[in-house]
Structure formats: structure tokens, C-alpha cells
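Examining the three-dimensional arrangement
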Amino acid sequence: VVRYAGDVIGRGIMERKAHGAELVQVYVWTPEASTDRVVDSLFLSLPALRTLREVRVLTDSVVAITFLNDTIVVEAGVTEGPRSRGVGWGARDSHSSAALEALALSAPLRDGYSEQVQLFYGPPIGPGFAVVTLRVERSENVRSPGVGLREAWVVTATTPSGDTTFWIDKATRMLLQY
């Protein structure tokens, strides 16, 4: 299930794995009330998890976002054809909004932990920046299918559009639910 600010916006499947010096995350999903498929691909540097690029392919359009040292380049257009290009967003220490889960999983979680990260939301939501606060709310025992009862950090990501909550296994750092 794909959620944005607590609302179900689609259903899909995600894969995340290391490929050389990059962590590649691919999410294929179908928006609610639609038969179109969306493929989101995110490329992060290892081990720093710095966002390198994000590519979102919809039925007949593509959005490619490249994160350079202090600039974000956004290209958008139809799959087969010209693309518009936007350059110049100040991006130092910014991450793709699609990296939120990876950032929560890799954060140095502990009681009282709180950190602000700057995310960039590309089209169709943005372009725009948002400061997101990651916060450990509490510890909780969680029963997860195929895993059993696990002790987890309950981590809230507070965004301008609402909160997202992650339950992260304390021992393995595996995402148990969100």
C-alpha cells in the first residue's frame, strides 16, 4: 500500500538493494482509482545515502531529477519526445522525498532522537522543498507477518502535509510496518 500524508494513494511493490556504490530503490504501483502503472526509481550513494537521481515513469510521461552538489535539475515530458528542463534549486544537503524511508531506517535511532532533514518534492507534487522532522516517539512490541513479535522504534516523520509513522525493528533495522 502506498500512502502519502496518511492517505492511501495506490498499491504496489518495492525492491531496495545495493548495486555497486549505489542503493537502488524501485517502487511499482497503481494509483487508487486508476489502471495506470507508475515506476519510481531512486538512486542513493552508499554509505552516505546522498540522493543522486530519481526517475518517475508514468504511462506516457517521465520525470527525471538529478541531484548535484548544490543544484537540482528536473526534466519532465512525454516518454518519447522533448522534455522541459528546470535548473537552479539550491539543494545542499537535500534528499529526494522518495528517500524518506531509507533515511528513517539509517538514522541513529535512540530514545529522544529527533532530526530535521530537507526533502525535495519533484513534479507532479512539487517542485519544492520541505523540512521534515524524524522523531522517535517510543518503543513498542510489534507483531509482523513472517517475523513474529519484535521490539521496534516508533518513528514519526512530520511533513507539511501530515505525518507518516514507521515501525523499525530495533535489532535488525528492518521496516516492520508503516
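Residues numbered from 1 in each chain as written. Predicted model: local features only at pLDDT ≥ 70, side-chain atom pairs only at ≥ 80, totals over all residues. Heavy atoms only, no water.

1. Side note on the overall build of the protein chain
- When its secondary structure is counted, the protein chain shows one helix and 14 strands.
- Within the protein chain, buried positions represent 41% of all 178 residues.
- Long-range contacts, defined here as pairs at least 24 residues apart, represent 30% of the contacts in the protein chain between residues at least 6 apart.
- Element-wise, carbon and sulfur atoms account for 52% of the exposed surface of the protein chain, whose accessible area totals about 9600 Å². (Helix = DSSP H or I, 4+ residues; strand = E, 2+ residues; numbered from the N terminus. Buried < 20%, exposed > 50% of the residue type's maximum accessible area, 1.4 Å probe, protein only. Contact = heavy atoms within 4.5 Å. Areas by Shrake-Rupley, 256 points an atom, 1.4 Å probe, with all protein chains shown as cover.)

2. Remarks on the side chain of Q25
- Inspection of the secondary structure puts Q25 in strand β3 (residues 22-31).
- Among the residues examined, Q25 registers a relative accessible area of 7% and is labelled buried.
- At 3.1 Å, the side chain of Q25 forms a polar contact with the backbone oxygen of A98.
- Among all residues touching Q25, those that are not within four sequence positions of it are M14, E15, R16, D40, S41, L42 and A98. (Polar contact = N/O pair within 3.5 Å; in protein donor to acceptor, adjacent residues only side chain to side chain.)

3. Remarks on the sheet that holds strand β11 (residues 128-144)
- Spatially, six strands are ordered β9-β10-β11-β12-β13-β14 in an open sheet, and the strand pairing comes out mixed. Looking at the sheet topology across the chains shown, the edges are occupied by β9 (94-96) and β14 (175-177). Adjacent strand axes in the sheet meet at a mean angle of 45°, parallel and antiparallel pairs treated alike. (Pairing = 2+ DSSP bridges. Axes fitted to C-alpha atoms, helices over the stretch in contact; angles between N-to-C directions.)

4. Comments concerning the pairing of strand β10 (residues 114-121)
- Across three bridges, the pairing between β9 and β10 is parallel. What sits directly across from H95, in β10, is L119.
- Each parallel crossover has a hand, and for β9 linked through helix α1 (residues 100-106) to β10 it is right-handed.
- With eight bridges joining them, β10 and β11 adopt antiparallel strand pairing. Of the residues in β11, the one forming a bridge with V117 is V132. (Right-handed = clockwise from strand over helix to strand, strands pointing away.)

5. Side note on the pattern of salt bridges
- If you walk through the whole model with that rule in mind, you get nine salt bridges.
- A salt bridge links E15 to K17, with the shortest nitrogen-to-oxygen separation between them at 3.8 Å.
- It is possible to trace a salt-bridge network through shared partners that takes in D40, E54 and R56. (Salt bridge = Lys/Arg side-chain N within 4 Å of Asp/Glu carboxyl O.)

6. A few points about the pairing of strand β7 (residues 71-78)
- Note: strand β6 (residues 61-67) against β7, seven bridges, orientation antiparallel. For F67, the partnering residue across the bridge sits in β7 and is I72.
- Turn length for the β6-β7 hairpin, with the two strands adjacent in sequence and antiparallel, is three residues.

7. Here's the deal with unusual backbone geometry
- A cis amide bond links L46 with the next residue in sequence, P47, at an omega value of 0°.
- One non-glycine residue, L49, adopts positive backbone phi at about 60°.
- As for its placement among the helices and strands, L49 is situated in the loop between β4 (38-45) and β5 (51-57).
- Exposure remark for L49: the relative accessible area of 9% places this residue in the buried category.
- Notably, R173 is not glycine yet its phi reads approximately 65°, a positive angle.
- Secondary-structure assignment places R173 in the loop between β13 (162-169) and β14.

8. Re the environment of V155
- Secondary-structure assignment places V155 in strand β12 (residues 148-159).
- By relative accessible area, V155 is classed as buried at 0%.
- When the C-alpha atoms of V155 and S114 are compared, they prove to be 9.3 Å apart, with 41 residues separating the residues in sequence.
- Not counting the four nearest positions on each side in its chain, V155 is found in contact with L109, R135, V136, T164, T165, F166 and I168.

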